[in-house]
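# Coordinates in review
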Amino acid sequence: MRALVATGYGDPEQLTIAELPVPRPGPGQILVKIAASTINPTDLRVITGGFRDLVDLQFPYTLGNEFAGTVTEAGPAVTRFQAGDEIFGLALPRQLRVAADPVRPSLSTGALADYAVFEADTPALDHRPAGLNAERAASLLIAGGTTLGIMATAKIRPGESVLVIGATGAVGLTLIPNLAAAGAEITATARTTEGADLLRSLGAHHTVGYDDYPTGVDVVLNLALFADGLPAAARSLLPGGRLISIIFPAPELRQLERDDVELAFLMQAGDETSGARAVAEAATAGRLSTPIARRYPLDNGVEAAIDYARRHPLGKIVVTV
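Rules of the game
- Residues numbered from 1 in each chain as written.
- Predicted model: local features only at pLDDT ≥ 70, side-chain atom pairs only at ≥ 80, totals over all residues.
- Heavy atoms only, no water.
- Core = buried A, V, L, I, M, F, W, Y, C linked by side-chain atoms within 4.5 Å.
- Buried < 20%, exposed > 50% of the residue type's maximum accessible area, 1.4 Å probe, protein only.
- Helix = DSSP H or I, 4+ residues; strand = E, 2+ residues; numbered from the N terminus.
- Contact = heavy atoms within 4.5 Å.
- Pairing = 2+ DSSP bridges.
- Domains from an automatic or database assignment.
- Buried area = accessible area lost by both parts, 1.4 Å probe.
- Salt bridge = Lys/Arg side-chain N within 4 Å of Asp/Glu carboxyl O.
- Polar contact = N/O pair within 3.5 Å; in protein donor to acceptor, adjacent residues only side chain to side chain.
- Nonpolar A, V, L, I, M, F, W, Y, C, P; charged D, E, K, R; others polar.
- UniProt positions renumbered as here; feature names shortened; annotations may be inferred.
- Arc of directions from axis to C-beta.

### Brief notes about the nonpolar core
Here is a general trend for soluble globular proteins: nonpolar side chains tend to be buried in one another's company. Counting residues in hydrophobic clusters, the biggest one holds 27 residues, and the most contacted among them are Ile-150, Val-162, Val-164, Ile-176, Leu-179, Leu-199 and Leu-221. At the level of secondary structure, the elements contributing two or more residues to this core comprise helix 2 (134–154), strand 11 (161–165), helix 3 (170–181), strand 12 (185–189), helix 4 (193–202) and strand 14 (217–222). Broken down by element, this core gets its largest block of residues, six residues, from helix 3. Beyond its immediate stretch of four places on either side in the chain, Ile-150 contacts Val-171, Leu-175, Leu-221, Leu-223, Ile-246 and Leu-266. Membership of the second largest hydrophobic core comes to 26 residues, among which are Ile-39, Val-55, Leu-57 and Val-302.

### Section: the sheet that holds strand 4 (residues 61–62)
With antiparallel pairing, the three strands of this open sheet are ordered in space as 2-1-4. Strands with a single pairing partner mark the edges of an open sheet, and in this sheet they are strand 2 (16–19) and strand 4. Of the pairings in the sheet, the one linking strand 1 (residues 2–6) to strand 2 comprises four bridges and is antiparallel in character. Across the sheet, the residue bridging to Arg-2 is Glu-19, located in strand 2.

### Quick word on helix 7 (residues 301–311)
Among all positions in helix 7, only Gly-301, Val-302, Ala-304, Ala-305, Asp-307 and Ala-309 are buried. Where the residues of helix 7 are buried, they touch strand 1, strand 2, strand 3 (29–39), helix 1 (41–47), strand 17 (292–297) and strand 18 (316–320). With its phi angle positive at about 50°, His-312 sits one or two positions after the end of helix 7.

### A look at the domain arrangement of the protein chain
Assigned domains of the protein chain: these are domain 1 (2–128 + 291–320) and domain 2 (143–265). On a C-alpha basis, the centroid separation for the pair domain 1 and domain 2 is 28 Å. Contacts between domain 1 and domain 2 engage nine residues on the former and eleven residues on the latter. The largest per-residue losses of area from domain 1 upon contact with domain 2 belong to Arg-45, Pro-291 and Leu-314, which jointly make up 62% of the total buried on that side. Put simply, domain 1 and domain 2 have zero salt bridges between them. Joining domain 1 to domain 2, the criterion identifies one residue pair in polar contact (both at pLDDT 80 or more). In terms of residue class, the side of domain 1 that touches domain 2 is made up of five nonpolar, one polar and three charged.

### Describing the UniProt feature "domain: Enoyl reductase (ER)" (unreviewed entry) in the protein chain
Within this structure's numbering, the places UniProt gives as "domain: Enoyl reductase (ER)" (unreviewed entry) are residues 10–319. End C-alpha to end C-alpha, residues 10–319 measures 21 Å, and it is 24% helix and 27% strand.

### Structural notes on the environment of Lys-155
Within the secondary structure layout, Lys-155 lies in the loop between helix 2 and strand 11. Each C-alpha atom of the pair Lys-155 and Thr-284 lies 23 Å from the other, and the pair is 129 residues apart in sequence. Leaving out residues up to four positions away in the same chain, Lys-155 has contacts with Glu-160 and Arg-242.

### So, helix 4
All buried positions along helix 4 are accounted for by Gly-195, Ala-196 and Leu-199. Down the axis of helix 4, the smallest arc covering the buried residues is 100°, so these residues share one side. Opposite the buried face of helix 4, by more than 90 degrees, sit the exposed residues Thr-193, Glu-194 and Ser-201. At its buried positions, helix 4 is contacted by helix 3, strand 12 and strand 13 (206–208). Remark: Gly-203 follows helix 4 within two positions and exhibits a positive phi of approximately 130°.

### With respect to unusual backbone geometry
With omega at 5°, the peptide bond leading from Phe-59 into Pro-60 counts as cis. Here Pro-60 is to be found in the loop between helix 1 and strand 4. Of note, the bond from Phe-248 into Pro-249 is cis; its omega dihedral lies within 30 degrees of zero at 0°. Relative to the assigned elements, Pro-249 resides in the loop between strand 15 (237–245) and strand 16 (262–265). At Ala-77, a residue that is not glycine, the phi angle is positive and equals roughly 75°. The topology assignment puts Ala-77 in the loop between strand 5 (66–74) and strand 6 (86–90). Residue Ala-77 is classed as exposed on the basis of its relative accessible area, which comes to 76%. Within the chain, Lys-155 stands out as a residue other than glycine whose phi angle is a positive 50°. You can call Lys-155 exposed: its relative accessible area is 57%.

The following block contains the structure:
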C-alpha cells in the first residue's frame, strides 16, 4: 500500500510516498480503507523533531491523525464495528502514545495511507453520519473537538472580550463562529488582509497582528504560541482573566510571568465530550464547520504537506485516497 512517510527527521520536502505492507488488525483493532485524511501541525512538528524530548521516532514513520474510511476487517473481540461500516475519527500514530489518553488511547498505524489499523474501543472513533461526507468528516475532528473543549472550559459570558491568537488556523476558523454565538467581543490575530477579512466574515469584531495585542481582555485563547510567547499574551489579560492554551506541552503558570490570572490547557484526545460522536452531532446541527482550503490525492501527499507548512492555508488541507 501507499503511505506518506518520513524516513528521518527533516522538513516536509524530505517526505516520500512509500510502498508498505498492509497492516493487520490484532485483538480489539480494526483495519480501515482510508477515504480521506488531513495534514495537521502535529504531523509537521513530529517529523521536524519537535517531540524528540518525549519520543525518538523509529523510521519509516507514517503520518496522519484524522481520517474517514471504511472498515474492511475487524480483529478478535471487536463488536462495535464490522466490515463495511463507514467510520471517521482521530488517532495518533502509535509512536506518539505518550501524548494519547492513558486509559483508552486512540492509536493507529498512521492515517495518511491507503489502509490503517485503529483501536476500536475509543470515543475518538465513531460511525460516520450520512450527512457528513468523508472529506468533511476527516477535517472536523481536531478543530471541531478542540472548539467544543474550549467552549466548555472558557464558559464565555455575553459581552466578555476574547483574544484569539492563531485565529486563522483550522481551530480558530472553527472556533470564531462559536465565540460569536456566545456573545463574545472577539479580537483575532491575522497575518494577511485575506485572513482578516475571513475572520470578520465569521464573526470577529477586530483583527490585530502578533505584535499588537490589546489590553484589558477577559479571556486569551492561545492556539499557536509556544512557552516563550506566553508572557506577551498574558499581559493582555485583566487581573483574574483566563488564558486557555492548546499547544503541547502544557504550559505552567510561572511561564506567564504573572500569578493573578487563571491558566488551563486543552488537548484534543477525543473523549466522550469532544470525540467523534459529539463532533458529528454538533456538525450536523450546524454548530461546527471547518473550512477546507485545498484537496490533494495521496500520490501528491508530499506537496500537500509542503503547502501546509509553507503557504499557511486558511482551512484544512485534505488528502484523498
